[in-house]
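Each chain, letter by letter, is given below.
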Amino acid sequence: MQIHNLGFPRIGAKRELKFTLEKYWRGEINQDEFYKQCQQRRADNWKIQQQAGIEWLPVGDFAHYDHVLNTTLLLGIIPERFSHNHDSDNNSLDVEFRIARGQAPSGCECAASDMTKWFNTNYHYIVPELSTSAVIDLASKVNAKTLIEQFNEAKQFSDKVKPVLLGPISYLYLSTCEEDSISLLPELLKGYQEIFNQLNQAGITWLQLDEPVLGLELDQRWQQAFTQAYKTLEKGQLKLLLTSYFASIDHHISLIQSLPFDGLHIDTVAENSNVSKIISELPSHWIVSLGIINGRNIWKTDLVSVYQKVLPFYRELGERLWLAPSCSLLHSPVDLVQEEKLDDEFKSWLAFAKQKCQELTLLKAALINENSDDITVYSIPALGRATSKRINNTEVLERVGQLTKKDFHRKEGFAQRKAAQQAVLNLPLLPTTTIGSFPQTGDIRQVRAKWRRGELNQEEYTQLIKAEIKGAIERQEEIGLDVLVHGEAERNDMVEYFGELLDGVAFTQFAWVQSYGSRCVKPPIIFGDISRKQAMTLEWINYAQSLTNKPVKAMLTGPITILSWSFVRDDISRAQVANQIALAISDEVEDLIASGTQIIQIDEPAIREGMPVKQSLWSEYLSWATSAFCLSAAKAPASTQIHTHMCYSEFNEILAAIIDLDADVLTVETSRSNMALLDAFEEQDYPNDLGPGVYDIHSPNVPSVSEMVNLLAKAEKYIPIERLWVNPDCGLKTRTWPETKLALENMVIAAKEIREQLKAKVA
Ligand code: GLN
Ligand code: ZN
């Protein structure tokens, strides 16, 4: 039995790669130094894995920026705008960074390739751009030198080294393509064949071929493409370990077993898989790799129950059994040992990447000896977590248990609510508003940092934040917006802010996970029952409202977004956790209403990204996700207006669920796509108020009045004007005040212009 790893976090225990990248981008280190530091990263990672007992070390999992981009570079698929950069120093590293981020220390700026989410994780990959011309004559462009060099580097740490390569079908599936992408497969395969040839020449044996799209329900054409690919490729002496993760692949086994692979990796934790049935259907000479340690969470594994599950397979398969984490450890933080501020009990529940490798080693020893004593001792804390007093706050459990259907709905329908709200708010046609945050200036960041370091006391801090709120309210009144916000100066991050104010949520010092490139996130850990310690936003919102006669919209983060951007306890269902968070938000909603707030926005930007990989599982997810949102808002009486906001994703596919949220007003990102989202409303009417973003906040450009008038005219074709709002497409925290002010002034003029036009028409 062998233990292997599918990939290790590349960012480093102290985010070393981040700092290396940023130094190179700022011109503080040269390429030689950059490459040297990257090599050090890889060496450190292999050493950690080898010392933890991993036998087959992965290579090719490391990337300067992204592993999908690595595959693109390996294949030599460089879109023309990057290869034609008129630049004497057109070196490959800077081409790589121009593709990833549009700029590099040398060469001209150039529109970066798109970036999008890697399945249902919070990792983003660089979307390959394919075209007939890009894949023509691919074999001559392929260069596996880097991968082979790294293979040789890794050999210093183990004589067993296994390159990891994204397979052709997943690569094709994840690409954008003007043509029908499957038609490019034959050319693409010539490139993959050349990679195989070069790896053969280098004497490589095992190759891990990642085909995560197998977790999806592939249609007939993609299934045929899969067969075509693996019947065409000649593997030579390579042994192919077909690898998929994030979802079960039971539905594709008859396809998989008919092809010339040498082994199959099965993610046994993502979804229910019938592992024994799968094994019985595979050719009897294949290796079976069981992904039994969850690569995506931070909890210690209950090794005893895993042992009991795996033992029969070990008895059956013997040497044919390999053990691994469920997926690449890219999605988990690096090393728990660094966390000095967590108490011992809490730490005893956790395992990060390094500890997950150690778990595999423990498990292997137990299986070989058929003796589970060591892992029984190891598992005690993992089991203890479920019964710890810190977790089961019976009050929350009881509250969730007592919920009934009516708790998930507002009493009145939208029409009745709209009338009640208008009676109180008296808003003009095309009300103007913003999404919540205003520029996070250096001053604001300083204030928060000083307060965290204890250099400001609570009173001083409150005064300084209030001064920011006052400034934001004054500016909004000058600009002439109809519905104001307090500006979110007290928040660094929309999830962290609420997480820190909730019981049942913990924060680490170093549990960073790569989001994209040099960007990392440190997700909160939801470990126990969730409740509010006290009101979370009241003081800021009430203060803001006291400064103006215009309505101030309160800002909350929704339960699904808090859930999606956290590490979540696994002893109860995600739906139950979502309901617990929703109750805490609902308590805040009640407090806000009691203190006179008329408008409350509950942001849910992450609702789309929490969806399971398989489409057949979407409806179940969407049903509990929308319920949790509704629960958080349901206490609002008819006259309180509930807004929600969404961005970052394609929402067309989940429009029905968005309608089910039943928010009075939905503000949503649409400006970059020229309102393409609204096309979906051709088929399905959006019944409530809608604020399609009229300008892109990601750009420093100030939008003109006429651009926004045009976009609104377009929106009016889909949504009657009585239900249209006017707003930017997301929060403004990354912008500066001067550009924000100009942009919002133009936006207000645009709204007024249309109002005038209408008046003229009526008259
Ligand atoms: N209210 C938040 C803000 O304006 C929304 C952020 C988001 O959509 N991601 O910053
Ligand atoms: Zn947004």
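Every chain's residues receive numbers from 1 upward, in the order its sequence appears when written. For naming, the first written chain is A and the first written ligand is 1, with later ones following in the order written. Owing to the predicted nature of the model, reporting of local features is limited to residues with pLDDT of at least 70; listing and counting of side-chain atom pairs is limited to 80 or more, with chain, interface and lining totals taken over all residues. Water and hydrogen atoms were dropped before computing side-chain values, which therefore reflect all heavy atoms in the structure.

A. Highlighting the overall build of the protein. Helix and strand counts for the protein stand at 29 helices and 23 strands. Every radius of gyration here is taken over C-alpha atoms, with the globule rule written as 2.2 Å times N^0.38, N being the number of residues. Relative to the 2.2 N^0.38 estimate, which gives 27 Å for 763 residues, the radius of gyration of the protein is 27 Å and therefore close to what a compact globule would have. Along the first, second and third principal axes, the C-alpha set of the protein runs to 80 × 65 × 50 Å. Residues count as neighbours in contact if any of their non-hydrogen atoms are within 4.5 Å of one another. Within the protein, counting contacts between residues at least 6 apart in sequence, those at least 24 apart form 78% of the total. The average position of the 76 basic charges and that of the 100 acidic charges among the side chains of the protein differ by 2 Å. Labels follow the DSSP assignment, with helices taken as runs of H or I lasting at least four residues and strands as runs of E lasting at least two, numbered in each case from the N terminus. Only four residue types enter the tally: Lys and Arg on the positive side, Asp and Glu on the negative side, with His and both chain ends excluded. Just so you know, the charge point we use is NZ for Lys, CZ for Arg, CG for Asp and CD for Glu.

B. The pairing of strand β20 (residues 599-603), seen in detail. Within β20, five of the five residues are buried, leaving the element largely enclosed by the surrounding structure. Strand pairing is assigned whenever DSSP identifies at least 2 bridges connecting the two strands. Relative to β20, strand β18 (residues 552-557) runs parallel, the two being bridged by five bridges. Pairing of L556 across the sheet is with I602, part of β20. With the strands pointing away from the viewer, any crossover whose connection runs clockwise from the first strand over the helix to the second is right-handed. The handedness of the β20 to strand β21 (residues 641-646) crossover, carried by helix α25 (residues 618-633), is right-handed. Think of it in three bands: residues with accessible area under 20% of the maximum for their type are buried, residues over 50% are exposed, and the middle band is partly exposed, with areas taken using a 1.4 Å probe on protein chains only.

C. Here's a closer look at the packing of helix α24 (residues 574-594) against α25. Note on definitions: angles span 0 to 180 degrees between N-to-C directions of axes, and those axes are lines fitted to C-alpha atoms, for helices only across the stretch in contact. For the pair α24 and α25, interaxial distance at closest approach is 7 Å and the crossing angle is 20°. By the angle class used here, α24 and α25 are roughly parallel. Of the two elements, α24 crosses α25, and the hand of that crossing is right-handed. Note on element contacts: α25 touches α24 through W624, A628, L631 and S632, opposite R574, A575, A578, N579, A582, L583, I585, S586 and V589. In this scheme, roughly parallel covers angles under 35 degrees and roughly antiparallel covers those over 145, while 65 to 115 is roughly perpendicular and the rest are oblique. In this scheme, a crossing is called left-handed if the near helix is turned counterclockwise away from the far one by less than a right angle; it is called right-handed if the turn is clockwise.

D. Spotlight on the sheet that holds strand β9 (residues 239-243). Sheet architecture is open: eight strands sit in the order β1-β12-β11-β10-β9-β8-β6-β2, paired in parallel fashion. Strands with a single pairing partner mark the edges of an open sheet, and in this sheet they are β1 (2-3) and β2 (57-59).

E. Region of the structure containing the packing of aromatic side chains. Aromatic pairs are defined between Phe, Tyr and Trp rings, using the six-membered ring for Trp, whenever the two ring centres lie within 6.5 Å; interplanar angles under 30 degrees are classed as stacked, those over 60 as edge-to-face, and all others as tilted. Throughout the structure, instances matching the rule amount to 27 aromatic pairs. On the basis of an interplanar angle of 45° and a centroid distance of 5.5 Å, the ring pair of F681 and Y686 is categorised as tilted. As far as the burial class goes, F681 and Y686 line up, both buried. Taken together, Y24, W25, F34, Y35, Y65 and F97 form an aromatic cluster joined through their ring pairs. The ring centre of W618 lies 5.4 Å from the NZ or CZ of R608, which sits over that ring. A ring is scored as having a charge over it whenever the NZ atom of a lysine or the CZ atom of an arginine sits within 6 Å of its centre and within 35 degrees of its normal.

F. Expanded view of the coordination of the zinc ion (ligand 2). Sites may look incomplete, because water is not among the atoms used; the donor set itself consists of N, O and S atoms within 2.8 Å of the metal (3.2 Å for Na, K and Ca). At 2.0 to 2.3 Å from the zinc ion (ligand 2) lie its protein donor atoms, namely H645 (NE2), C647 (SG) and C730 (SG). Key to geometry: four donors with every angle between 85 and 135 degrees are tetrahedral; four donors are square planar and six octahedral where opposite donors lie over 155 degrees apart and all remaining angles lie between 65 and 115; all other sites are irregular. Taken together, the four donor atoms coordinating the zinc ion (ligand 2) and their angles of 92 to 126° define a geometry best described as tetrahedral. Mapped onto the polypeptide sequence, the residues donating to the zinc ion (ligand 2) form the spacing pattern H-x1-C-x82-C. Taken together, the residues C647 in the loop between β21 and α26 (655-660) and C730 in the loop between α28 (705-716) and α29 (737-762) connect sequence positions 83 residues apart.

G. Local environment of the sheet that holds β18. Strands sit in the order β13-β18-β20-β21-β22-β23 across an open sheet of six strands; the sheet is parallel. Taken across any chain shown, the strands that pair with only one partner, and hence form the sheet edges, are β13 (484-485) and β23 (689-692).

H. Summary view of the pattern of salt bridges. Each reported salt bridge corresponds to a side-chain nitrogen of Lys or Arg within 4 Å of a carboxyl oxygen of Asp or Glu. Under the criterion given, the structure shown has 44 salt bridges. Linking E22 and K18 is a salt bridge whose minimum nitrogen-to-oxygen distance equals 3.2 Å. Of this pair, E22 and K18 both sit in helix α1 (residues 16-25), four residues apart, which is roughly one turn of that helix. Both residues of the pair, E22 and K18, belong to the buried class.

I. Structural context of the site of ligand 1. Whether a residue is near a molecule or strand depends on its heavy atoms: it is near if one of them lies within 4 Å of it. Every one of the 13 residues lining ligand 1 counts as a neighbour, but S437, E488, D603, H645 and G731 are closest to it. In the model, a nitrogen atom of ligand 1 is placed 3.1 Å from a nitrogen or oxygen of the I435 main chain. Within the contact set of ligand 1, an oxygen atom lies 2.7 Å away from a side-chain nitrogen or oxygen of S437. Working definition of accessibility: Shrake-Rupley area with a 1.4 Å probe, residue cover restricted to the visible protein chains. Taking 290 Å² as the accessible area of ligand 1 by itself, protein coverage stands at 94%. N or O atoms closer than or at 3.5 Å make up a polar contact, with two conditions inside protein: a donor-capable atom paired with an acceptor-capable one, and, for residues adjacent in sequence, both atoms drawn from side chains.

J. The arrangement of the environment of E488 in detail. Here E488 is to be found in the loop between β13 and α21 (494-500). Spatially, the C-alpha atoms of E488 and T268 are 42 Å apart, while their sequence positions differ by 220 residues. At 3.5 Å, the side chain of E488 and the backbone nitrogen of S437 are in polar contact.

K. Summary view of the side chain of Q476. With respect to the helices and strands, Q476 occurs in helix α20 (residues 458-479). Discounting residues that sit within four places of it in the chain, Q476 has contacts with T434, F438, L481, V483, L484 and V485.

L. Empty space enclosed by the protein, seen in detail. Only protein atoms enter the 1 Å grid used here, on which a cavity is any set of points holding a 1.4 Å probe that cannot leave and a pocket is any open set flanked by protein within 12 Å on both sides along at least five of seven lines; residues with an atom within 4 Å of a point are listed as lining. Grid points are joined across faces, edges and corners, and a volume is the space filled by probe spheres set on the points. Under the counting rule described, the total for this entry stands at four cavities of 30 Å³ or more. Taken together, F438, P439, I444, E468, I469, A472, H486, G487, A489 and W737 form the lining of the largest cavity. Here the element with the most residues in the lining of the largest cavity is α20; it accounts for three residues.

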